[in-house]
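The lines below spell out each chain.
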There are 2 protein chains.
Amino acid sequence: MSDNHKLLDSYLTMINERLSEYIPDDGSELSQAMRYSLLCGGKRVRPVITLAFCRMCGKKESVALPFACAIEMVHTYSLIFDDLPSMDNDDYRRGQLANHKVFGDAMAMLAGLGLYAKAFEIVTDVGDISEIPTSTLLRASNSLARASGLDGIIPGQAFDIKNNGTKKLSYDDILNIHKLKTSAMLEISASLGCLAAGAEENVVLKAKEYAEKIGLAFQIRDDILDVIGSEEKMGKTIGKDREESKTTFVDVFGVEKSQSYVRKYSEEAIQILSYFDNNDFLVWFTGLLCDREN
Amino acid sequence: MSDNHKLLDSYLTMINERLSEYIPDDGSELSQAMRYSLLCGGKRVRPVITLAFCRMCGKKESVALPFACAIEMVHTYSLIFDDLPSMDNDDYRRGQLANHKVFGDAMAMLAGLGLYAKAFEIVTDVGDISEIPTSTLLRASNSLARASGLDGIIPGQAFDIKNNGTKKLSYDDILNIHKLKTSAMLEISASLGCLAAGAEENVVLKAKEYAEKIGLAFQIRDDILDVIGSEEKMGKTIGKDREESKTTFVDVFGVEKSQSYVRKYSEEAIQILSYFDNNDFLVWFTGLLCDREN
């Protein structure tokens, strides 16, 4: 196992252990519904990016761990809601039944909302994150509220819902949806890692540039895998976006040209990482994300 | 018009104007769905309490206005979700069709989630609330996350859903649901008003005690009005809780004894207000809440 693989494994362990501590099983169905979606072995792309940026900015990863976990909770919340019958109506997620298929719509919503609230509880908990100055915590919390809210996920999903059943979106429209739905939270993942480490403003900006690129590469790869991937590997329903006539990158450019976009954006992302010391891990991880089969 | 009435009117104007500024109509259906539920003339009980406590603690109300508006947004978000078909399935709210009846389930959810995210954006926005120290903003944000999340609304609603179709809840169970679903957010309303004014810890505790009492009085009055009120006055479906066999205070004690509980809790609340200077307005407003017909 390479050093990068080992580091990734240690990050996943840190993240999963802390997530489990934040949402203990108290015997209630609510806690079980939250844990069901939170602890089912997602790729943890976002929290890994947070830890990696914290390290590249010269602080030990544990400082950024509360931020990383909060971001993963927000991501999980958004997946639970995306899968609901009145949203994208997906039955499978991360290789298991979607939350609402197991716990029912109401409990699934409450589990999602509980995770979302817990994320804000964590990033505003001075006691838990005493190494980070209060002004930085406030800034991080505010950024998280914007990216997960009205400057990111929410209008992204609203736009996406409108896209259901239409094939008329332009390249710019698709790009806009991806930026709102995917890049906004990846930007937060990168920038909160830098903020936790007390990085300068220009460093935070570079991290955000990286995240925007990787967000596009990641999302286009997702669109490609929706066409060529296997359900077994993806752990979710395949061909769903096409079946529902959502316009994707693949519709506009075909698989081959879309994959060249993935390469273009991931190369640009890796280029930006040259700005950081100790970037080997994240360069490797970025390559992994863009070549992924699931 | 009495001085108290005039003061209440000025508070309502402040609150409604600021809420409208926070969520401008940008032409999108999302913004219209958010404004539909936010600006439809609710009683504004929670934000009025926030402003009143700020004033009683010696600061001008405008300092607490962002907190007050954030709390009203969280309250509106919780109402939008409560009314969804998979939750309480209510068609009317605040005298108009429920959000999902107008905009559909998906957009209603996004409107609710957008308002919830915006609330956190507001309470963590140092620029908007420069009069309040960053450590206080963090504490206020953290309290809001807990009350609207896993220490309040979320387990309260989970418990309430389980209560659907059963008549077997005890007095303690009902009290617990009311504390989680109603008192937690009222405690936040009171304590954030004090925090905005820079009040001492013992003052914040008194405000919370008041809020717990008023929360119970308010909720039991709601249960009574669900039996004896008119739909026209209430602006929502009447008899719903009984029809769905949720256990309420009225089931356990009957109307008359329940009303005596309303009196008991509201008198205890008013008693606590004697701890504060300039309490005339809130004493009057508390009486109004407990005798209300809607």
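A.B. asks: Could you give an account of the overall build of chain A, with specific residues and numbers?
C.D. replies: Counting its regular elements, chain A contains 14 helices and two strands. Taken over the C-alpha trace, chain A has a radius of gyration of 18 Å; the compact-globule value for 294 residues is 19 Å, and the two agree within 12%. Its C-alpha atoms give chain A principal-axis dimensions of about 50 × 50 × 40 Å. Counting all 294 residues of chain A, 56% fall into the buried class. Carbon and sulfur atoms form 46% of the exposed surface of chain A, whose accessible area is close to 11000 Å².

A.B. asks: Quick rundown of the relation of the copies chain A and chain B? Include the residues and the values.
C.D. replies: Mapping chain A onto chain B calls for a rotation angle of 180 degrees and an axial translation of 0.0 Å; the resulting RMSD is 0.0 Å. Taken together, these values place the two copies in the relation of a two-fold axis. In this assembly the copies share their binding face: 100% of the residues contributing to the interface of chain A also contribute to that of chain B.

A.B. asks: Help me get a handle on the confidence of the model for chain A, residues and values and all.
C.D. replies: Atom-level detail of predicted coordinates should not be read off regions where pLDDT is low. Summing up the model confidence of chain A, the mean pLDDT is 91 and the portion of residues at 70 or higher is 93%. For this predicted complex, the interface confidence score (ipTM) comes to 0.94, while the overall pTM stands at 0.95.

A.B. asks: Summarise the pattern of salt bridges; cite the residues concerned and give the values.
C.D. replies: Any two side chains of opposite charge can pair, given that their charged atoms come close. Residue and element names in this part refer to chain A. What the rule picks out here adds up to 33 salt bridges over all chains. For Glu 268, the salt bridge identified is with Lys 213, shortest N-O distance 2.8 Å. Of this pair, Glu 268 sits in helix H13 (residues 249–273) while Lys 213 sits in helix H10 (residues 201–228); the two residues are 55 residues apart in sequence, bridging distant segments of the chain. Taking the relative accessible area as the measure of exposure, Glu 268 reaches 25% and is therefore partly exposed. The salt bridge involving Lys 264 is made with Glu 268; its shortest N-O contact spans 2.9 Å. One end of the pair is Lys 264 and the other is Glu 268, both in helix H13 and four residues apart, which spans about a single turn. Residue Lys 264 is classed as partly exposed on the basis of its relative accessible area of 37%.

A.B. asks: Now, about helix H9 (residues 171–196) of chain A: what can you tell me, with residues and values included?
C.D. replies: Every α-helical turn comprises 3.6 residues, leaving residues that sit three or four positions apart pointing alike. All names here are of chain A. With 26 residues, H9 ought to run about 38 Å at 1.5 Å a step, and its terminal C-alpha atoms sit 35 Å apart, in line with that. The axis of H9 is deflected most strongly, by about 40 degrees, at Ser 183. For H9, the tally of buried residues reaches 19 of 26 residues, placing the bulk of the element in the interior. Following H9 by one or two positions, Gly 198 has its phi on the positive side, about 75 degrees.

A.B. asks: Account for the interface of chain A and chain B, naming residues and giving values.
C.D. replies: Taken together, the 39 residues of chain A in the interface contact 39 residues of chain B. Here chain A packs against chain B, burying approximately 3400 Å² in sum over the two surfaces, 77% of which is carbon and sulfur. Linking chain A to chain B there are four salt bridges. The salt bridge partner of Arg 146 of chain B is Glu 121 of chain A, with a shortest N-O separation of 3.3 Å. Taken together, the connections running from chain A to chain B amount to seven residue pairs in polar contact (both at pLDDT 80 or more). Going through the elements one at a time, helix H2 (29–38), helix H4 (65–83), helix H6 (105–123), helix H7 (134–148) and helix H8 (153–163) of chain A are the ones with two or more residues in the side of chain A that touches chain B. Sorting elements by how many residues they give to the side of chain A that touches chain B places H6 of chain A first, with 12 residues. Its residues assigned to classes, the side of chain A that touches chain B comprises 24 nonpolar, eight polar and seven charged.

A.B. asks: Give a description of unusual backbone geometry that names residues and reports values.
C.D. replies: You will see that Arg 94 of chain A, though not glycine, has its phi angle at about 50 degrees, which is positive. If you trace the backbone, Arg 94 of chain A turns up in the loop between strand S1 (92–93) and strand S2 (96–97). Positive phi is not limited to glycine here, since Arg 44 of chain B has a value of about 60 degrees. Looking at the element boundaries, Arg 44 of chain B is found in the loop between helix H2 (29–38) and helix H3 (45–56).

A.B. asks: Would you mind going over the packing of aromatic side chains in detail, with residue names and values included?
C.D. replies: Residue and element names in this part refer to chain A. One pass over the structure, following the stated rule, counts 37 aromatic pairs over all chains. Summarising the aromatic geometry, the rings of Phe 253 and Tyr 261 are spaced 5.0 Å apart at their centres and angled 45 degrees between planes, so their arrangement reads as tilted. Looking at Lys 206, its charged tip hangs above the ring of Tyr 275, at a distance of 5.3 Å from the centre.

A.B. asks: Account for the nonpolar core, with residues named and values stated.
C.D. replies: Counting 199 residues, the largest nonpolar core has Phe 53 and Tyr 210 of chain A together with Phe 53 and Tyr 210 of chain B as the members making the most contacts within it. In this view, Tyr 210 of chain A contacts Ile 49, Phe 53, Ala 269, Ile 272, Leu 273, Leu 282 and Thr 286 of chain A; residues no more than four positions away in its chain are not counted.

A.B. asks: I'd love a proper account of empty space enclosed by the protein, names of residues and values included.
C.D. replies: A full pass over the atoms with the stated rule returns three cavities of 30 Å³ or more. What the largest cavity holds in volume is close to 90 Å³. Of all elements in the fold, only H2, helix H4 (65–83) and strand S2 (96–97) of chain B reach the threshold of two or more residues within the lining of the largest cavity. Of the residues forming the lining of the largest cavity, the biggest block, four residues, is contributed by H4 of chain B. For the lining of the largest cavity, a count of residues per class yields six nonpolar, four polar and three charged. Approximately 80 Å³ is the volume found for the second largest cavity. Contributing to the lining of the second largest cavity are 13 residues, with Ser 37, Ile 80, Asp 83, Arg 93 and Asn 99 of chain A lying nearest its centre. Going through the elements one at a time, H2, H4 and S2 of chain A are the ones with two or more residues in the lining of the second largest cavity. In terms of residue count, H4 of chain A provides more of the lining of the second largest cavity than any other element does, four residues in total. The residue makeup of the lining of the second largest cavity, split by class, is six nonpolar, four polar and three charged.

A.B. asks: Could you give an account of the state of the cysteines, with specific residues and numbers?
C.D. replies: In protein structure, a disulfide is the covalent linkage between the sulfur atoms of two cysteines. Residue and element names in this part refer to chain B. Summed over all chains, the structure comprises zero disulfides over all chains. Of the cysteine sulfurs around Cys 69, a residue in no disulfide, the closest is that of Cys 54, at 13 Å. Overall, the relative accessible area of 0% leaves Cys 69 in the buried class.

A.B. asks: Mind laying out the side chain of Gln 259 of chain A, listing which residues take part and the relevant values?
C.D. replies: In this fold, Gln 259 of chain A is placed in helix H13. Excluding anything up to four places from it in sequence, Gln 259 of chain A contacts Arg 221, Ile 224 and Cys 290 of chain A.

A.B. asks: Kindly report on a nonpolar patch on the surface, identifying the contributing residues and their values.
C.D. replies: Residue and element names in this part refer to chain A. Judged by side-chain polarity, Tyr 92, Leu 97 and Val 102 come together as a nonpolar surface patch covering roughly 250 Å² of accessible area. When you line up the elements, Tyr 92 lands in strand S1. Judged by its relative accessible area of 42%, Tyr 92 falls in the partly exposed class.

A.B. asks: So what's going on with the packing of helix H1 (residues 3–22) of chain B against H4 of chain B? Residues and values would help.
C.D. replies: Residues and elements named next belong to chain B. H4 packs onto H1 with a crossing angle of 75 degrees between their chain directions and a minimal axis gap of 10 Å. With respect to each other, H1 and H4 are oriented roughly perpendicular. Residues Met 14, Ile 15, Arg 18, Leu 19 and Tyr 22 of H1 touch H4, and the partners they reach there are Leu 65, Pro 66, Cys 69, Glu 72 and Met 73. Classifying every residue of the contact of H1 with H4 gives eight nonpolar, no polar and two charged.

Cut-offs and rules
Residues numbered from 1 in each chain as written. Chains lettered and ligands numbered in written order. Predicted model: local features only at pLDDT ≥ 70, side-chain atom pairs only at ≥ 80, totals over all residues. Heavy atoms only, no water. Helix = DSSP H or I, 4+ residues; strand = E, 2+ residues; numbered from the N terminus. Rg over C-alpha atoms; globule rule 2.2 N^0.38 Å. Buried < 20%, exposed > 50% of the residue type's maximum accessible area, 1.4 Å probe, protein only. Areas by Shrake-Rupley, 256 points an atom, 1.4 Å probe, with all protein chains shown as cover. Least-squares fit on C-alpha atoms with pLDDT ≥ 70 in both. Contact = heavy atoms within 4.5 Å. pLDDT = per-residue confidence, 0-100. Salt bridge = Lys/Arg side-chain N within 4 Å of Asp/Glu carboxyl O. Expected span 1.5 Å × (residues − 1). Bend = angle between axes of the 7 residues up to and from the residue. Buried area = accessible area lost by both parts, 1.4 Å probe. Polar contact = N/O pair within 3.5 Å; in protein donor to acceptor, adjacent residues only side chain to side chain. Nonpolar A, V, L, I, M, F, W, Y, C, P; charged D, E, K, R; others polar. Phe/Tyr/Trp six-rings, centres within 6.5 Å; stacked < 30°, edge-to-face > 60°. Lys NZ or Arg CZ within 6 Å of the ring centre and 35° of its normal. Core = buried A, V, L, I, M, F, W, Y, C linked by side-chain atoms within 4.5 Å. 1 Å grid on protein atoms, 1.4 Å probe; cavity = no way out; pocket = protein on both sides within 12 Å on 5 of 7 lines; lining within 4 Å. Points joined across faces, edges and corners; volume = space filled by probe spheres on them. Disulfide = S-S within 2.5 Å. Patch = residues over 30% accessible without salt bridge, like charges linked within 9 Å, V, L, I, M, F, W, Y side chains within 5 Å. Axes fitted to C-alpha atoms, helices over the stretch in contact; angles between N-to-C directions. Parallel < 35°, antiparallel > 145°, perpendicular 65-115°, else oblique.

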